[in-house]
Amino acid sequence: MPLLSLRGVSFSWGGTPLLEEVDLEIERGERIGLLGRNGAGKSTLMKIVAGEIAPDDGSLTAAPQVRVARLVQDVPVTAGEETVAQLVAEGYETDPDPAHHWEAEQAVTRVLSWMGIDGARPFASLSSGMKRRALLARALVHSPDILLLDEPTNHLDIESITWLEGLLKNYDGALLFVTHDRAFLQSVAQRILEVDRGHLFDWTCDYRTFLQRKQQQLDAEERQNELFDKKLAAEEVWIRQGIKARRTRNEGRVRALKALRRERSQRRERIGKVQMQASTADPSGQLVVELKGVSFAYGDREIVRGFSTLITRGEKIGIIGPNGAGKSTLLKLILGELPPTAGTVRRGTNLQIVYFDQLREQISEDQSVVENVGEGQETLSINGQQKHIYGYLQDFLFTPDRARQPARSLSGGERNRLLLARIFKRPSNLLVLDEPTNDLDAETLELLEELVADYPGTLLLVSHDRTFLNNVVGSTIYVGGGGDIREYDGGYDDFVRQRGETQTAVPATPAPARSVPSAAPPPSSDKKAKLTFKEQRELDELPGRIETLETDQAELHNRMADPGFFKQPAAEIAAATRRLEELAAELHASYERWTLLSERE
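The paragraphs below set out a description of the structure included in this document.

## Regarding the overall build of the protein chain
- Helix and strand counts for the protein chain stand at 19 helices and 20 strands.
- In the protein chain, buried positions account for 47% of the 601 residues.
- Considering only intrachain contacts with a sequence separation of at least 6, the fraction spanning at least 24 residues in the protein chain is 70%.

Here is the structure:
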């Protein structure tokens, strides 16, 4: 018996239905990724599953005693000095009998230890990332059967995200989550659901396979619509023929035409794509920024220690590291907003900088979208082309009605698009993006990625999105905390390979959480132990093993891309999914071992 079932569920906020006759079953142990454009109805569906809102039509049936918990997208603003332990205790359904209160206290203590959080600290004093951990602890404290997560990776650094991946992959309840993080989605989700134009599509596959099958579906839908429209156009020509034809026209054909017209009027088109483009300025000088022996400290706390780097025109640089390690401080030093306590910072000529702020402090809440972006202008000049403000905003998917709404009414994804529209109208040759991917849907995220990759100026990108970093940046600066800052060639995967790090999964059983792998750089030594005979033989055999694993992985992906694959029994589909995860883990371990041995060869 499923933990929860939806049958024929429909819901709207008064306009076009967000959900139409949706069916859904959630089984224990499933890890389900929920996809859809911003505003498609993902959060609404989760609220219905959580019982927070009732559907307009249809039914929700839950197994007896099923517990559902939800982690909301936004971090709540709390007043007063509520401690983390008090916040987490709110998630435990306490028995009114005082004799059972000890159970809640034990559960709170256990989950706080497991999550690595000090329960005595005021919740308001935590960083954004630690607040997300505390809220996740509140959702987990009573061991829910169904855990609903809305953008769980927002405000988390990469190490925290990989820790969360390990926790969720071992969680024994059902998991339904929304995320913009494609690497997280591929790692965690076994099943993909998609909300598209009111309907819920169950793809029953991993994210990579979903992308292939979704493109096939869109191509087929486009061909079908073209054929339908051609037929309708031909019938419209026939009905408009001369008087003689009208006298003899077939009434059945007329009725069929009316039916075609009704069908065409009911078609819900896909919303247009975001058409982002960045307004570019004249090129800067070849030198953008040079740091020599730069140090900076807040009192006794060292943030940057003796760091030197040269940034030249056209470079695309990623900046990563744990929350609170000093990424924003380094940006401020580069941009001249903070003077170094030691060393020198030299900036080049003709720099025109635009800055994307992850906290969106540039947005005025009471002003409309038009006022925030237009700043008093009705016509904007974008790379020499004149655009009316409403036309420009439509490129970012803001209808005229939505553009007149105050910023405080926008969703997280809409607020991000607003800020992108605001900064991209300004000519620039140095683009600074601080966590630009939060809350964006996958399609908009990919378009932003393409725009940034093609940007002709210099880019500084702070991000926890590993896929985005891999696809965009050419070098990476790692801010490790305690003043330690190092540079690496390539994107995030290249950084991991060069650091020789391995990710450790965290078990989702009530036990102390394993620590995230140390961020400290591996010790260097001029003298490396020579390979033993056995290790040399292992190194020689590894390329062949890696090739075999990659071939097996590709064949399995091709099998799963075939729609007929998912007509098999559920047990066979589950076995194939498990094998795919095993292959990925074996490949990762083999690459790491090859790197380690080859460096000692």
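Structure shown, so let's carry the discussion forward.
## Focus on the pairing of strand β1 (residues 4–11)
- In terms of burial, β1 is a largely internal element, six of the eight residues being buried.
- Pairing of β1 with strand β4 (residues 57–62) involves five bridges; the strand directions are antiparallel. Note that in β4 the partner of Ser5 across the bridge is Thr61.
- Direction of pairing for β1 relative to strand β2 (residues 19–26): antiparallel, over a ladder of five bridges. Bridge assignment links Phe11 to a residue of β2, and that residue is Leu19.

## Here we look at the packing of aromatic side chains
- Counting across every chain of the model gives eight aromatic pairs.
- Relative to Phe210, the ring of Tyr207 has its centre 6.1 Å away and its plane inclined at 25°; by these criteria the two rings are stacked. You can see Tyr207 and its partner Phe210 sitting in helix α7 (residues 207–239), three residues apart, about one turn around the helix. One exposure class covers both Tyr207 and Phe210, and it is buried.
- Considering the side-chain rings of Tyr478 and Phe495, the 5.1 Å spacing of their centres and the 25° angle between planes classify their relative orientation as stacked. Of the two residues, Tyr478 sits in strand β19 (residues 475–481) while Phe495 sits in helix α17 (residues 492–499), which places them 17 residues apart along the sequence.
- For Tyr478, a relative accessible area of 5% puts it in the buried group.
- For Phe495, a relative accessible area of 2% translates into the label buried.
- A network of ring pairs unites the aromatic residues Tyr478, Tyr488, Tyr492 and Phe495 as a single cluster.
- In this structure, Lys214 packs its charged tip against the face of Phe201, placed 5.9 Å from the ring centre.
- Positioned over the ring face of Phe398 is Arg417, at 5.2 Å from the centre of the ring.

## Some details on the pairing of strand β16 (residues 385–388)
- Sheet topology places strand β15 (residues 379–382) next to β16; four bridges connect them, and they run antiparallel. The partner of Leu380 across the bridge, within β16, is Lys387.
- As consecutive antiparallel partners, β15 and β16 are separated by two residues, and within that stretch Asn383 has a phi angle of approximately 50°, a positive value.

## Section: the nonpolar core
- Counting 44 residues, the largest nonpolar core has Met115, Leu140, Leu147 and Leu168 as its most contacted members.
- In terms of residues, this core owes the most to one element, helix α3 (residues 101–115), which gives seven residues.
- Leu380, Ile423, Leu445 and Leu451 belong to the second largest nonpolar core, which has 43 residues in total.

## Looking at the sheet that holds strand β18 (residues 458–462)
- Taken together, six strands build an open sheet; the order of strands is β14-β17-β18-β12-β19-β20 and the sheet is mixed. Unpaired on one side and paired on the other, β14 (353–356) and β20 (484–489) mark the two borders of the sheet. The sheet shows a mean angle of 15° between the axes of neighbouring strands, direction not considered.
- With four bridges connecting them, strand β12 (residues 316–320) and β19 associate as parallel partners. Following the sheet pairing, Ile320 is matched in β19 by Tyr478.
- Contacting β14 and β17 (430–434), helix α14 (residues 412–424) crosses the sheet at an angle of about 175° to β14.

## As for helix α15 (residues 442–454)
- Taking 1.5 Å as the rise per residue, α15 with 13 residues should run 18 Å; its terminal C-alpha atoms sit 18 Å apart, in good agreement.
- On its buried side, α15 packs onto α6 (182–188), β12, α14, β17, β18 and α16 (466–472).

## Re the environment of Arg37
- Assignment of secondary structure puts Arg37 in the loop between β3 (31–35) and α1 (42–50).
- Look at Arg37 and you get buried, because its relative accessible area is 14%.
- Along the backbone, Arg37 and Val195 are 158 residues apart, and their C-alpha atoms lie at a distance of 7.8 Å.

## With respect to the sheet that holds strand β13 (residues 342–347)
- Reading across the sheet, the three strands line up as β11-β10-β13 and stay open at both edges, with antiparallel pairing between neighbours. Edge positions in the sheet fall to β11 (301–312) and β13, since each has one partner strand and no second. Between one strand axis and the next, the sheet turns through 15° on average, direction left out of account.
- The pairing of strand β10 (residues 287–298) with β11 spans eight bridges and is classified as antiparallel. Bridge pairing links Leu291 to Thr309 in β11.
- The sheet strands contacting helix α10 (residues 327–335) are β10, β11 and β13, and the helix crosses β10 at an angle near 130°.

About the cut-offs
- Sequence order sets the numbering: in each chain, residues are counted from 1 along the sequence as written.
- Since the coordinates come from a predicted model, pLDDT governs what is reported: local features require at least 70, and pairs of side-chain atoms require 80 or more to be given and counted, while whole-chain, interface and lining totals use all residues.
- Where side-chain values are given, they derive from all heavy atoms of the structure, hydrogens and water being excluded.
- A helix here means a DSSP run of H or I that spans at least four residues, while a strand means a run of E at least two residues long, and both kinds are numbered starting from the N terminus.
- Burial classification: accessible surface area is computed with a 1.4 Å probe over protein chains only, and a residue below 20% of its type maximum counts as buried, one above 50% as exposed, and the rest as partly exposed.
- Contact criterion: two residues are considered in contact whenever any of their non-hydrogen atoms come within 4.5 Å of each other.
- The rule for pairing is simple: two strands pair if DSSP sees at least two bridges between them.
- Ring pairs shown here join Phe, Tyr and Trp side chains whose ring centres sit within 6.5 Å, with only the six-membered ring taken for Trp; geometry is labelled stacked below 30 degrees between planes, edge-to-face above 60, and tilted in between.
- Either the NZ atom of lysine or the CZ atom of arginine qualifies as a charge over a ring when it sits within 6 Å of the ring centre and within 35 degrees of the ring normal.
- Here the nonpolar core consists of buried residues drawn from Ala, Val, Leu, Ile, Met, Phe, Trp, Tyr and Cys, with membership extended through side-chain atoms lying within 4.5 Å.
- Lines are fitted to the C-alpha atoms to define the axes, a helix being fitted only along its stretch in contact, and any angle between axes, read from their N-to-C directions, falls within 0 to 180 degrees.
- A helix is expected to reach a length of 1.5 Å times the quantity of its residues less one.

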